[in-house]
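Observations on the model geometry
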Amino acid sequence: MWLRLKALIIKELLAVLRDPRSRFVLIMPPLMQLLIFTYAATLEVKNVDLMVLNRDGGYWSGELVRRLEGAPTFRSIRFTRDPEALHRAIDEQQVIAAIGIDAGFSREISAGRPASVQLILDGRRSNASQIVGNYVSQVVSTLGGETPAGEQAAALTPALVERNWFNPNLDYQWFIVPSLIAEIGMLIALILTSLAVARERELGTFDQLMVSPLSAREILLGKLIPPLLLGLAQMTFFVVAAVFFFKVPLRGALLPLYGSGLFFLASVVGLGLFISSLCKTQQQAILGAFLLLVPATTLSGFATPIDNMPGWLQPLTYLNPLRYFLVVAKGVFLRDLPLSEIVLQTAPLALIALVTLSAAAWLFRRRME
Amino acid sequence: MSGKVDRSGLEAAMRPAARLKRIGALIGKESKQIMRDPSSILIALVLPLILLFIFGYGVSLDARQTRIGLVIESPSAVTEELAASFDGSRYFSVQRASDRRTFETALVEGRVRGIVVIPAAFTEDVSAGRQPQVQLLLDGGEPNTASLVDGYVRGVLAGWAQQRAVAAGAAAEPAISVAPRYWFNAELESRNFLVPGSVAIVMTLVGTLLTSLVIAREWERGTMEAIMATPVTAGELLIGKVVPYFVLALLSMTLCVVLAVFQFGVPLRGSLIALYILSATFLIPALGQGLLISAATKNQFLASQVALVSAFLPAFLLSGFIFEIGSMPWPIRLLTHIVPARYLIPGLQSVFLSGDVWPLFLTNMAAMLVIGAVFFLLAARNSRKRLQ
């Protein structure tokens, strides 16, 4: 049995590696994702354009504008005297925010009376404008602390001493690169396997496999092991890139990462085999895999925290293998996650792998008979 | 003699009526193929439902009730007041302890996202009129959440200080207050911009992924060559292939809009005409890209992967849908200019949330048309060249 299995595994690996198209899939999408994701996927807001309508000519409004100009977040500040122009600039998305300062602003402050500035933000991009709103508020409240009326409250405000654990400068790449190891591992393993059977069936070579002396179990193992190996190779490439190219600190041990990764890949390969035994054509398999990938990536805690999801939706994420391995991958890199916690996250993966692989085997046998 | 017959046959074949008839036949054939394949329907109708569901309910950038640990090293009336401010914040779900070590493992394991420490000297500093200190340990492993928590903690501290100042006889308002007004989306629902944005994703899926896949299959099976051997010209063939998917994409778009408005309560403040004009314009580059991919790869598997990398991911990541283009490094900012979805997203968000902003729409539509023309030209060249 082992000899036959080995032959089948080698054949499968060669089928993938010799085919220029499969090689493309193994190399290009992961590489593109690695480069684009790591550099583009940031929720920071930079290079913001701002408009100011200043009806006050005094010291305090001038000081406010100077501070906004000095803040690294803002790229350019445009001035206008015309409320209509301000309206248009927001409407046409030339600026994301506009500040209005009333006449008498400086006079009020100098007299020790409370003053206010208006801030108009483009709610169509509510996330970015919320962050811009926070930046502006911070600049304004710092300035407020220096005014005659504000000094008292400013002296009372506790000084905040912060320390960011695991990632002192909140470097976004430290977060995204380990996440990508998990996300792309899923993509590759799922696409390779879901296509494995469907393509053979469409080309008719699946019948050849069935009339060979291989048993159903051997065929299944032969379809299972090559994507696992390729997935692990891919993971290794990403770990190396993370450590040496992106300089993400690797604080935990690699062995638990690979151990957990193996169960993760097995659960995904099980899903892929399940899809491909359900599908009749390659097109169906590709679209089926896609249909699974989109919710699996978005509802995994990859882009947005699971905690932000509504309560009734959160239990659904327990079915998602990516959810668990994301915690492990990020944890091993940045947090030196304790082994007990890794085991806790890997146990559900083992269970999912068991279920999906048995389901795939069952479906496989039924289709063969 | 035979040359003459050929030419009159050719002339007959080039007549507009014959052209229209052939295009009609191609469209009919393609439409039947779509209807008969369950996976096309899955992508065109089920996937939009799933995506809208995800963006309507699942993906939220609004952090609420983040779990934090609050450590009060020596409790007093003053620290109790500050603790109450934290309890009262809608952004936090607070657990308390008297020693920071209680929460340190929880921070490593991600069960709390931050630890606020009110040190032993706090009460003394406040009563002595010195500026007190508060420490904050954040989970830098989740940088987004960390910066949000940081901002919220600052807000709580400032609010508490303001309360104390008022109690001490200062004015109730801060010295300079900011009155932020969020136009078009006063409640700041991230759903209100995610749901319109996902319409662009759905149209990219139907227009580019599905189209490239189906046409690549024809190349793969050799049926494309069979069609090309008939009097159909390359241009007619492209039109015949593209029109059914154009209609299908607009159908999915309509489905999304109906759901967005009636299920998710996203306002539709602009006109439907603007929405359809924008969408139809977007489909030109989207379908052109699908055609180009299929003609260049001639293989389903490869086509699907190229469409994924060159259309789906950019529509997601490089279009301003979730991530601000202005924040990206300049080489990537440059790259976003050839992503068709980049020009659709602002239009969609405007049609839904603010209304018809024609100056914005027209410049974006012009950009989409240019990109579309380039894609179609390349696709036509690729289809012809391969045949010879």
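Residues numbered from 1 in each chain as written. Chains lettered and ligands numbered in written order. Predicted model: local features only at pLDDT ≥ 70, side-chain atom pairs only at ≥ 80, totals over all residues. Heavy atoms only, no water.

Quick look at the overall build of chain B now. Regarding its fold elements, chain B presents 15 helices and five strands. For 388 residues, the compact-globule estimate of 2.2 N^0.38 gives 21 Å, and the C-alpha radius of gyration of chain B, at 29 Å, exceeds that figure by more than 25%. Counting only C-alpha atoms, chain B reaches 115 × 40 × 40 Å along its principal axes. Here chain B holds 388 residues, and 56% of them are scored as buried. Long-range pairs, those at least 24 residues apart, make up 76% of the contacts in chain B between residues at least 6 apart in sequence. (Helix = DSSP H or I, 4+ residues; strand = E, 2+ residues; numbered from the N terminus. Rg over C-alpha atoms; globule rule 2.2 N^0.38 Å. Buried < 20%, exposed > 50% of the residue type's maximum accessible area, 1.4 Å probe, protein only. Contact = heavy atoms within 4.5 Å.)

A few words on the sheet that holds strand β4 (residues 133–139) of chain B. Read from one edge of the open sheet, five strands run β5(A)-β4(B)-β3(B)-β1(B)-β2(B), paired in mixed fashion. Strands at the two margins of the open sheet, each flanked by one partner only, are β5 (159–165) of chain A together with β2 (92–97) of chain B. Strand-to-strand twist across the sheet, computed as the mean angle between neighbouring axes with direction ignored, equals 20 degrees. Examined bridge by bridge, strand β1 (residues 66–72) of chain B and β2 of chain B share six bridges and lie parallel to one another. The partner of R67 of chain B across the bridge, within β2 of chain B, is S93 of chain B. (Pairing = 2+ DSSP bridges. Axes fitted to C-alpha atoms, helices over the stretch in contact; angles between N-to-C directions.)

Here we come to the environment of F103 of chain B. As for its position among the elements, F103 of chain B is in helix α5 (residues 101–108). With sequence-adjacent residues up to four places away left out, F103 of chain B is seen in contact with G69, L70, V71, Q95, R96, A97, V112 and I115 of chain B.

In terms of nonpolar packing, the biggest core is built from 196 residues, with L257, F290 and F325 of chain A together with F312 of chain B touching the most fellow members. Among the elements that line this core, the one with the most residues is helix α8 (residues 172–203) of chain A, at 18 residues. With near-sequence residues (within four places) excluded, L257 of chain A lies in contact with M235, V239, F325, V328, A329, V332 and F333 of chain A. Core analysis: the next-biggest nonpolar cluster, separate from the first, contains 31 residues, V48, L121 and L143 of chain A together with Y182 of chain B among them. (Core = buried A, V, L, I, M, F, W, Y, C linked by side-chain atoms within 4.5 Å.)

Facing 103 residues of chain A, the contacting portion of chain B comprises 114 residues. On the chain A side of the contact with chain B, R124, W165 and Q283 of chain A bury the most area, a combined 8% of that side's loss. In this assembly, chain A and chain B are joined by five salt bridges. Of the charged contacts in the structure, one is a salt bridge between D139 of chain B and R335 of chain A, with a shortest N-O distance of 2.8 Å. Remark: the boundary between chain A and chain B carries 32 residue pairs in polar contact (both at pLDDT 80 or more). With 12 residues, helix α2 (residues 20–40) of chain A is the single largest residue contributor to the side of chain A that touches chain B. Taken together, the residues that form the side of chain A that touches chain B break down as 56 nonpolar, 29 polar and 18 charged. Sheet analysis places strand β4 (residues 115–122) of chain A next to strand β5 (residues 176–183) of chain B, joined by eight bridges and oriented parallel. When the sheet's bridge partners are listed, A115 of chain A is paired in β5 of chain B with I176 of chain B. (Buried area = accessible area lost by both parts, 1.4 Å probe. Salt bridge = Lys/Arg side-chain N within 4 Å of Asp/Glu carboxyl O. Polar contact = N/O pair within 3.5 Å; in protein donor to acceptor, adjacent residues only side chain to side chain. Nonpolar A, V, L, I, M, F, W, Y, C, P; charged D, E, K, R; others polar.)

Turning our eyes to something else, we now look at the pattern of salt bridges. Charged atoms that come close allow side chains of opposite charge to pair. As enumerated under the stated definition, the model contains 28 salt bridges over all chains in all. Here R67 of chain A and E146 of chain A are joined by a salt bridge, their closest N and O atoms 2.7 Å apart. Separated by 79 residues along the polypeptide, R67 of chain A in helix α3 (residues 59–70) and E146 of chain A in the loop between α6 (126–144) and α7 (151–156) bring together distant segments of the chain. Close ionic contact of E142 of chain B with K330 of chain A constitutes a salt bridge, the shortest N to O distance being 2.8 Å.

Along a regular strand, successive side chains alternate from one face of the sheet to the other. All names here are of chain A. Of all the five residues making up strand β3 (residues 97–101), five are buried; the element is thus mostly covered by neighbouring parts of the structure. Bridging between strand β1 (residues 48–54) and β3 involves five bridges; their strand directions are parallel. Its bridge partner being in β3, N54 is matched across the sheet by I101. As paired elements, β3 and β4 share five bridges and run antiparallel to each other. The partner of I99 across the bridge, within β4, is L119.

Okay, the packing of aromatic side chains next. Centre distance and the angle of the planes are the two values used to describe a pair of aromatic rings. Tallied over the entire structure, the rule returns 22 aromatic pairs over all chains. Here F237 of chain A and F238 of chain A contribute two aromatic rings whose centre-to-centre distance is 5.6 Å and whose plane-to-plane angle is 90 degrees, an arrangement assigned as edge-to-face. Overall, F237 of chain A belongs to the partly exposed group, its relative accessible area being 41%. Since its relative accessible area comes to 1%, F238 of chain A is described here as buried. Members of the aromatic cluster, each reached through a chain of ring pairs, are F290 of chain A together with F55, F312, F316 and F321 of chain B. Over the ring of Y324 of chain A we find R323 of chain A; its NZ or CZ atom is 5.8 Å from the centre of that ring. Against the face of W219 of chain B rests K298 of chain B, its NZ or CZ located 4.0 Å from the ring centre. (Phe/Tyr/Trp six-rings, centres within 6.5 Å; stacked < 30°, edge-to-face > 60°. Lys NZ or Arg CZ within 6 Å of the ring centre and 35° of its normal.)

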